[in-house]
Amino acid sequence: MKITYHNAGNAPETKTFKDVEEFLMLQNREIPAIQDHYQVDELYVGDEQVDFTGTIGDLFDKYNK
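Predicted model, so just to flag it, every value in this text is computed and none were measured.

A. The arrangement of the nonpolar core in detail. Of all hydrophobic cores here, the largest spans 17 residues; its most connected members are Met1, Ile3, Phe23, Leu43 and Leu59. Sort the elements by how many residues they give to this core and helix 1 (residues 20-27) lands first, with four residues.

As structure tokens, then:
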């Protein structure tokens, strides 16, 4: 899973996770891997680009079922 987003300084940043489960686990910590309010610019799960619009928090909600 690869997420490209804009950070607090409005600079693009990319984080890579082993899979969706790792993303969920790291976001669920007291200090998340990525701040929930950052806007997602681009999302890949595996090699496939996923059409997604929203924040990191929205992305967490999408996969945390």
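B. A look at unusual backbone geometry. With a phi close to 60 degrees, Asn10 is a non-glycine residue in the positive phi region. The residue Asn10 is located in the loop between strand 1 (2-6) and strand 2 (12-16) in this model.

C. Structural context of the sheet that holds strand 2. Here we have four strands laid out as an open sheet, ordered 2-1-3-4, and antiparallel in their pairing. In this open sheet, the two edge strands, each paired with only one partner strand, are strand 2 and strand 4 (48-49). Strand direction decides the pairing type here: strand 3 (residues 40-45) and strand 4, joined by two bridges, are antiparallel. Its bridge partner being in strand 4, Tyr44 is matched across the sheet by Gln49. Strands strand 1 and strand 3 of the sheet are contacted by helix 2 (residues 56-63), whose axis makes an angle of about 30 degrees with strand 3.

Rules used throughout
Residues numbered from 1 in each chain as written. Predicted model: local features only at pLDDT ≥ 70, side-chain atom pairs only at ≥ 80, totals over all residues. Heavy atoms only, no water. Core = buried A, V, L, I, M, F, W, Y, C linked by side-chain atoms within 4.5 Å. Buried < 20%, exposed > 50% of the residue type's maximum accessible area, 1.4 Å probe, protein only. Helix = DSSP H or I, 4+ residues; strand = E, 2+ residues; numbered from the N terminus. Pairing = 2+ DSSP bridges. Contact = heavy atoms within 4.5 Å. Axes fitted to C-alpha atoms, helices over the stretch in contact; angles between N-to-C directions.

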